[in-house]
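# Close look at the chain arrangement
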There are 2 protein chains.
Amino acid sequence: MSTTVSPLAPKSYPDMPDIEGVTFATAGAGIKYSGRTDVLLASLSEGTAVAGVFTKSKCSSAPVDWCKGILSEGHARALLVNSGNANAFTGKKGKAAVARSAEIVSSAMSCPENEIYLASTGVIGEPLPAEKFAGVADDLVAAQGQASWLDAAKAIMTTDTYPKLATATVELDGETVTINGIAKGAGMIAPDMATMLSFVFTDAPIAPGVLQTILGQNTETSFNAITVDSDTSTSDTVLFFATGAAEKRGVEAVSEIDDPRTDVIRAALADVMTDLAHQIVKDGEGARKFVQISVEGAESDQSAKRIALSIANSPLVKTAVAGEDANWGRVVMAVGKAGEPADRDRLAIWFGDVRVAMEGERDPGYSEEAASAVMKEETIPIRVDLGIGTGEAIVWTCDLTKQYVEINGDYRS
Amino acid sequence: MSTTVSPLAPKSYPDMPDIEGVTFATAGAGIKYSGRTDVLLASLSEGTAVAGVFTKSKCSSAPVDWCKGILSEGHARALLVNSGNANAFTGKKGKAAVARSAEIVSSAMSCPENEIYLASTGVIGEPLPAEKFAGVADDLVAAQGQASWLDAAKAIMTTDTYPKLATATVELDGETVTINGIAKGAGMIAPDMATMLSFVFTDAPIAPGVLQTILGQNTETSFNAITVDSDTSTSDTVLFFATGAAEKRGVEAVSEIDDPRTDVIRAALADVMTDLAHQIVKDGEGARKFVQISVEGAESDQSAKRIALSIANSPLVKTAVAGEDANWGRVVMAVGKAGEPADRDRLAIWFGDVRVAMEGERDPGYSEEAASAVMKEETIPIRVDLGIGTGEAIVWTCDLTKQYVEINGDYRS
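Within an unreviewed UniProt entry, the label attached to chain A reads Arginine biosynthesis bifunctional protein ArgJ, and the organism entered is Roseibium alexandrii. You can read under Subcellular location (unreviewed entry) in the UniProt record for chain A the words "Cytoplasm". Chain A has a UniProt comment under Subunit (unreviewed entry) that states "Heterotetramer of two alpha and two beta chains."

Set out below in structure tokens:
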């Protein structure tokens with residue numbers, strides 16, 4: 001955990017309404033850090049539906065394997081998250097550690113093990129001392145409700161410089177339902193996904209199948225559309241819990257994907273997830289600039305996204321942004337290397353509202369001064385029009401600074 | 001051009017034998033730099049065969065398009081290279097600039113335009129003032145033979161901190177023939193290929209078809225097996241010229257790929273190209289460590305290479321190397337994110353001779369001290385055994401340091 005907060009951090013935290021059926025407690029179990037909380041236990045009311053999206057890494061962590069294994073049950077009673085140790089690449093010991101963790105929570109909360117979700121973030125390859133959870137489990141159960149959303153977000157931080165929270169409300173059947181989310185992540189952030197954990201909760205009554213569908217759809221344009229360093233973690237986890245408590249207030253259960261209320265929830269969920277995704281990028285290790293890359297006119301949306309990510313992951317583009325250099329030649333390079341259909345002579349590029357290139361060469365009206373002014377801003381919009389189709393995509397990244405190298409050259413010590 | 005030479009630079013330059021049929025002259029045309037040479041003209045004897053491999057970028061530069069257009073002719077009389085301006089993304093002006101360049105050289109050397117090869121390296125998007133070549137062309141022709149191989153290598157440098165040269169000799173039909181190569185490149189270096197130019201010359205008599213085949217084969221394991229920053233240039237060019245002068249000494253022409261002498265030449269060419277490729281990585285912008293990544297036990301050679309490049313391009317692996325941190329967890333992450341077949345529980349990883357991980361977890365005999373000692377060396381061998389097949393590949397990269405960010409955050413100014 002850094003002592004210097006990212007300059008891109010939000011100026012204030014949102015007011016997070018309570019969500020009926022969700023309570024938190026946190027503890028300092030001394031997994032790796034001292035003098036801070038490193039364990040979060042969320043208690044979820046009976047019947048809470050759950051959906052999840054996980055890392056595509058071939059070397060996924062033990063808790064990711066655990067969650068995937070129980071997800072088909074569709075229900076959750078508890079979520080245990082620790083920071084400081086990822087329990088990844090820990091072999092049989094890792095598998096034993098998740099089993100032991102579930103056993104400890106199951107016993108303390110008197111709920112089935114296959115309704116206990118686990119997530120870990122931190123160092124890879126160190127055995128996770130699950131027994132440390134036993135020492136705090138009863139306290140965590142007794143203290144349920146004492147930790148706020150902010151406390152919860154703080155307990156799951158690793159190299160994050162600030163806790164990440166977002167909230168939205170929507171009307172369903174005349175009643176207000178809430179969607180709250182927390183997230184962590186600052187490095188090893190790349191599509192499919194990042195070392196990022198995000199937990200989203202709602203009191204809306206939504207069936208697991210619907211929950212899974214809308215979570216998957218929204219992940220594509222939020223957590224899978226951000227990149228800090230192109231590195232994908234072994235531990236990425238997004239879980240979405242619906243306690244259904246609003247049903248008591250007369251909100252009918254959403255159990256079909258073509259229920260018109262699904263779109264309402266999906267849109268609000270998208271707001272929360274995109275907000276959290278942006279907060280992760282803005283806490284990108286060493287980040288000083290937030291970069292939005294929009295690609296349009298591509299052969300397909302997928303092709304547009306690949307090109308956008310090629311730009312977003314280019315160290316030369318990212319260092320140019322860090323240096324406030326309107327070096328659009330590097331954007332051309334990144335378009336070219338993406339390997340996607342492109343026609344050099346139709347390409348146009350904008351930094352903010354300043355068109356810097358068109359029809360395969362520098363814009364005749366190019367003004368270095370105008371382009372440089374855009375680069376001095378905190379948020380840098382880069383727009384590319386390929387001029388060959390209707391595919392489009394937006395991704396977000398940050399600049400690459402000396403501080404990134406400093407943070408990551410000295411992470412374990 | 002940097003004033004501080006990379007600590008990984010060779011301690012001395014090789015003695016480069018003359019190659020009959022090849023002469024050089026250099027000039028300072030003031031394309032962008034002042035107080036240094038920035039144009040190289042190589043004169044090649046009549047009948048010189050040529051082969052080329054070029055960037056796969058969809059936004060290739062005007063000189064790349066020019067060379068591709070004349071390559072089928074198979075013969076070369078001249079090579080004109082400038083540094084300081086890449087003539088890339090320069091649209092119609094760029095096309096006009098290469099045509100004008102060829103015209104200038106053709107007139108000064110009295111040779112056909114379609115035997116004049118052009119290469120440019122430097123800033124993207126600025127029109128190339130080809131007329132500046134006219135001012136030095138006659139001098140360059142008159143001064144042929146006055147520039148050494150070292151002078152030639154120096155004239156094509158951009159952010160390089162040292163000139164790159166390599167040489168090899170082989171016996172063909174009882175006669176010694178020579179292969180000499182020069183190269184430039186330090187950033188925007190990634191497979192398929194780099195902002196790298198390399199020009200290789202031999203006096204062996206080799207038909208264009210054979211020349212093209214062995215150049216293509218050797219590129220895969222040399223220039224296409226290195227990465228500094230995963231960024232692929234618009235301008236990458238490797239040209240191989242065979243003057244055939246050794247024919248006069250009794251060496252019979254190599255005109256078939258199954259001529260047993262082809263293997264002899266291919267092996268020597270591989271030595272020269274791999275040497276030059278290593279020199280480029282060792283001059284990687286800000287590099288302090290040379291990293292060799294060997295992947296074995298993969299499903300196929302191609303899969304091994306993808307995994308090796310995933311490791312080599314990971315900013316987290318590269319910053320760990322910069323920090324002399326034996327952070328093998330990041331190697332696991334990079335294997336996992338490659339998306340290639342892998343079995344976490346069969347994976348083994350070595351830093352140098354120290355096995356740090358096996359069977360999906362930390363090696364039981366792991367010694368932080370021994371692993372850290374490897375990381376303090378200048379050359380860091382990282383070996384990964386996937387344990388699922390017989391595919392293998394080796395790639396080379398360098399570490400990612402604050403100096404990389406510094407150099408690239410302030411390149412244009």
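Next comes the rest of the write-up.
### Some details on the nonpolar core
Grouped together as the largest cluster of nonpolar side chains are 170 residues, with contacts concentrated most on Val295(A), Ile311(A), Phe351(A), Val295(B), Ile311(B) and Phe351(B). If we ignore the near neighbours within four places in the chain, the residues touching Ile311(B) are Ile293(B), Val295(B), Val317(B), Val331(B), Ala334(B), Val335(B) and Val384(B).

### Quick look at the sheet that holds strand S5 (residues 116–123) of chain B
Residue and element names in this part refer to chain B. Strand order in the open sheet formed by 4 strands is S1-S2-S4-S5, and the pairing between neighbours is mixed. Single-partner strands in this sheet number two, and they are strand S1 (22–27) and S5. Pairs of neighbouring strands in the sheet enclose a mean axial angle of 15°, with direction left out of account. Here strand S2 (residues 39–44) pairs with strand S4 (residues 78–85) via 5 bridges, running antiparallel. Bridge pairing links Ser43 to Ala78 in S4. On the sheet, helix H2 (residues 91–109) packs against S2, S4 and S5 and is oriented at approximately 130° with respect to S5.

### Describing helix H8 (residues 315–322) of chain A
Three- or four-residue spacings in an α-helix give side chains the same orientation, since the helix completes a turn every 3.6 residues. All names here are of chain A. When you tally the buried positions in H8, you get 7 out of 8 residues, the bulk of the element. Of all the positions in H8, only Pro315, Leu316, Val317, Lys318, Thr319, Ala320 and Val321 are classed as buried. Just past H8, the residue Glu324 takes up positive phi, approximately 55°.

### Description of the pairing of strand S4 (residues 78–85) of chain A
Residues and elements named next belong to chain A. Among the 8 residues that make up S4, 8 are buried, leaving the element largely enclosed by the rest of the structure. Alignment of S4 against strand S5 (residues 116–123), held across 8 bridges, turns out to be parallel. Each bridged residue has a counterpart across the sheet, and for Ala78 the counterpart in S5 is Ile116. Taken together, S4, helix H2 (residues 91–109) and S5 constitute a β-α-β crossover, and its handedness is right-handed.

About the thresholds
Residues numbered from 1 in each chain as written. Chains lettered and ligands numbered in written order. Predicted model: local features only at pLDDT ≥ 70, side-chain atom pairs only at ≥ 80, totals over all residues. Heavy atoms only, no water. UniProt positions renumbered as here; feature names shortened; annotations may be inferred. Core = buried A, V, L, I, M, F, W, Y, C linked by side-chain atoms within 4.5 Å. Buried < 20%, exposed > 50% of the residue type's maximum accessible area, 1.4 Å probe, protein only. Contact = heavy atoms within 4.5 Å. Pairing = 2+ DSSP bridges. Helix = DSSP H or I, 4+ residues; strand = E, 2+ residues; numbered from the N terminus. Axes fitted to C-alpha atoms, helices over the stretch in contact; angles between N-to-C directions. Right-handed = clockwise from strand over helix to strand, strands pointing away.

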